[in-house]
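Observations on the three-dimensional arrangement
Here's the letter readout for the chains.
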Amino acid sequence: MRCDLQIHNERIDPGTSQFVSAASLRARLDWFNKLRWGAAVGVLAVALIAGVGLKAPIEVRGLLLTGIVLLLLNTAYSLRSRRFKAVDVAIELRLVKVQMVCDLVALTVLLNLSGGVENPLLFLYVIHVIIASLLFKGREIFQIAWLAIILFTAEVFGEYFDLLPHHHLPTAGEWAHELPFILMTLGSFWLVILFCAYVGALIMKHNRAIKNELVDRQAVLMDEDRAKTDFFRFVTHEIKSPVNTAQSGVETALELGGEAMEPSVRDVLNRSVSRLRQATKIVQDLADLTRGGVLKEENLTQVDFNDLVVTTVDEQRDLAARSGIEINVLLSDPPILLTTIRNMAETIVANLVNNAIRYNREGGRVSVRVVDTGKRVRLVVEDEGIGIEENEQGLIFDEFYRSTAARETSNLGTGLGLPIVRKFVEELGGTIEVDSRVGRGSTFTVTLPRKSRKRRR
Amino acid sequence: MAEKTILVIDDDIDLVEIIRVTLENQGFKVIDAQTGERGLAMAKEQNPDLILLDVMMGKVDEGFQVAYELRSDEVTADVPILMLTAVADQTGFDFDPARDKDFLPVNEFLEKPISPRDLVDMIRKHLPTSV
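Note that the structure is a prediction, hence the values are computed from the model and not measured.

1. Some details on the nonpolar core
Residue and element names in this part refer to chain A. Phe 305, Ile 348, Leu 352, Val 368, Leu 379 and Phe 444 are the most contacted members of the largest nonpolar core, which has 43 residues in total. Looking at this core, the elements with two or more residues in it are α8 (263-290), α9 (305-314), α11 (342-358), β4 (365-372), β5 (376-383), α13 (417-427), β6 (431-437) and β7 (441-449). Among the elements that line this core, the one with the most residues is α11, at 8 residues. The contacts of Leu 352, once residues within four sequence positions are left out, are Leu 379, Val 381, Leu 418, Val 421, Phe 444 and Val 446. Judged by nonpolar contacts, the second largest core, of 33 residues, contains Leu 93, Leu 107, Ile 131 and Val 156.

2. Notes on the packing of aromatic side chains
All names here are of chain A. Throughout the structure, instances matching the rule amount to 9 aromatic pairs over all chains. An angle of 85 degrees between the planes, with centres 6.4 Å apart, marks the rings of Phe 397 and Phe 444 as edge-to-face. You can see Phe 397 sitting in the loop between β5 and α12 (404-409) and its partner Phe 444 sitting in strand β7, a full 47 residues away along the chain. Given a relative accessible area of 9%, Phe 397 falls into the buried group.

3. A look at the interface of chain A and chain B
At the interface, 18 residues of chain A touch 21 residues of chain B. Across the chain A to chain B interface the summed buried area is about 1,700 Å²; carbon plus sulfur atoms make up 56%. In this assembly, chain A and chain B are joined by 1 salt bridge. Between chain A and chain B we count 2 residue pairs in polar contact (both at pLDDT 80 or more) in total. Those elements giving two or more residues to the side of chain A that touches chain B turn out to be α7 (179-257) and α8 of chain A.

4. As for the environment of Phe 189 of chain A
Residues and elements named next belong to chain A. Structurally, Phe 189 is set in helix α7. Residue Phe 189 is classed as buried on the basis of its relative accessible area of 0%. Contacts of Phe 189, omitting those with residues within four sequence positions, involve Leu 122, Tyr 125, Ala 148, Ile 149 and Phe 152.

5. Digging into the pattern of salt bridges
All names here are of chain A. Under the definition given, this model contains 24 salt bridges over all chains. Of the charged contacts in the structure, one is a salt bridge between Asp 314 and Arg 317, with a shortest N-O distance of 2.9 Å. According to the relative accessible area criterion, Arg 317 is partly exposed, its value standing at 34%. The salt bridge involving Arg 369 is made with Glu 382; its shortest N-O contact spans 3.2 Å. Highlighted residues: Arg 369 in strand β4 and Glu 382 in strand β5, separated in sequence by 13 residues. Taking relative accessible area as the criterion, Arg 369 reaches 27% and is therefore assigned partly exposed. Its relative accessible area of 31% is what places Glu 382 among the partly exposed residues. One salt-bridge network, held together by shared partners, links Arg 26, Arg 80 and Glu 92.

6. Notes on the confidence of the model for chain B
Residue and element names in this part refer to chain B. Mean pLDDT over chain B works out to 83, with 82% of the residues at or above the 70 mark. Confidence, expressed as mean pLDDT per element, reaches its minimum in chain B at helix α4 (residues 87-91) with 51 and its maximum at strand β1 (residues 5-9) with 95. Scored as a whole, the predicted complex attains pTM 0.55, and scored at its interfaces, ipTM 0.76.

7. Remarks on the sheet that holds β1 of chain B
Each strand in a sheet pairs with its neighbour through backbone hydrogen bonds, running either in the same direction (parallel) or in the opposite one (antiparallel). Residue and element names in this part refer to chain B. Spatial ordering of the open sheet is given by β2-β1-β3-β4-β5, a layout of 5 strands whose pairing is parallel. Because the sheet does not close on itself, it has two edges, and the strands there are β2 (29-33) and β5 (108-111). Geometrically, the sheet is characterised by an average inter-axis angle of 20 degrees between neighbouring strands, direction not taken into account. Packing against the sheet, helix α1 (residues 13-25) makes contact with β1, β2, β3 (50-54) and β4 (81-85), and its axis sits at approximately 165 degrees to β2. Each of β1, β3, β4 and β5 is contacted by helix α5 (residues 116-126), which is oriented at about 175 degrees to β5, the strand it contacts most.

Basis of the calculations
Residues numbered from 1 in each chain as written. Chains lettered and ligands numbered in written order. Predicted model: local features only at pLDDT ≥ 70, side-chain atom pairs only at ≥ 80, totals over all residues. Heavy atoms only, no water. Core = buried A, V, L, I, M, F, W, Y, C linked by side-chain atoms within 4.5 Å. Buried < 20%, exposed > 50% of the residue type's maximum accessible area, 1.4 Å probe, protein only. Helix = DSSP H or I, 4+ residues; strand = E, 2+ residues; numbered from the N terminus. Contact = heavy atoms within 4.5 Å. Phe/Tyr/Trp six-rings, centres within 6.5 Å; stacked < 30°, edge-to-face > 60°. Buried area = accessible area lost by both parts, 1.4 Å probe. Salt bridge = Lys/Arg side-chain N within 4 Å of Asp/Glu carboxyl O. Polar contact = N/O pair within 3.5 Å; in protein donor to acceptor, adjacent residues only side chain to side chain. pLDDT = per-residue confidence, 0-100. Pairing = 2+ DSSP bridges. Axes fitted to C-alpha atoms, helices over the stretch in contact; angles between N-to-C directions.

Written out as structure tokens, the structure reads:
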């Protein structure tokens, strides 16, 4: 059985109905069921109130009988719906047809008992044909349309030629039994029915074609996206080796040359190492960004989040001390255990704290808070730094985007730290928000679920 | 004390030369091989005191295969192996020899790029008798 969720990116076979799954067809059937309860109760109420209460000259016994038959049929349908699971599209579709035929017959009987061609309720046939046009494919829609036409035409002429009894509506005059009126009514009835079937079939055909087009285009886009990611992964892999080797080489030269080196040469090498480290960081970040499918059950471990935050923050204290920045950590009490991927959670904390230090003011403060919110844990990282312009706040999570202020502050950022944070947070099933004022500082708030699990796509 | 011999198995010739300069400067003797096969042969013939082994050479896991073969050969079974890797970023693997020692055939993972000082420290730590 296919589930409803998958319908959205599944092509529709143009030869079948829009409702490709047994479960969704069953939902339609249950909906018809509700409508039918209303119809049956309506018939019984009219028969009792008008016929018995108001003593109007209508066919009370016939109407009551039809109402009761409808009630019984509907009870049978709903019992079946509760008893048996919907598993087979073909069976459900056949049942829809059976019900529709029964309904058309019941409607014809009701019309026969209540004036036939005089009764404006004859347009209920039209509603049936419209519903059929939504559920069935082209030919089947016209089968229902022709069945409606045949049933009602037979009923009308059956009455006209005295093959069936005619029950006058109390309000209708003798004119209603004249041939011109009958032909006029039947003519417009035929026209409306066939027009509805035609328009319904046409609309649904287009609808299916458009949906299929969308599904195909989405598939192409997803392929392109995958190809892009594969390309990034390949480029990352190819660049990594030479950059690593170059970095090791320059570091070795610096190490071996030592103090004996000309200061200007040493300065050049130091600058080279610093830029090579930046390149290494970009390559590593790109590798983080382009790797996927890490969130598997076997990668999840239990992590004491307080512990993880303390360890990760401690690794950044040297960097903070160099700019005279103080880091305050406020942990949750009692400790919070997360079922998560440790190195992803570490990277989230590390990148946010690292940004809070690097884009802070000299001697500023960084505050890191862990808050237990029940099903989730909240991590708040607040700085007193340069802040982010409001129109840039939506862009800082885009790959390689660096805010104007960030570019002025440091030329060593990769523009990948926050995109990685967002990617990891989303993969772990969390959320991230930023609140910032230029010149006052930024606050990043991350929430993570206590247990990360693979999301359904 | 005798000069310690380090075998470097890596297909990146430039990196091998950089490592050679670093290690020779510290008084080690460096021999090298550019393929896993050649490295295995040299390990058996020349009895190095320690092996530096790259993970990804011709094939993605060539280094691992070499490490398993070194461990299963009587002559080389006890030679410390330090594995140079850039593989963690590529695969999302998070190796930890202390945790995974039953399954990992090496003494240490060194994530590239490794600074010359860290490399020398690691080699000293894992040599049978320190130099």
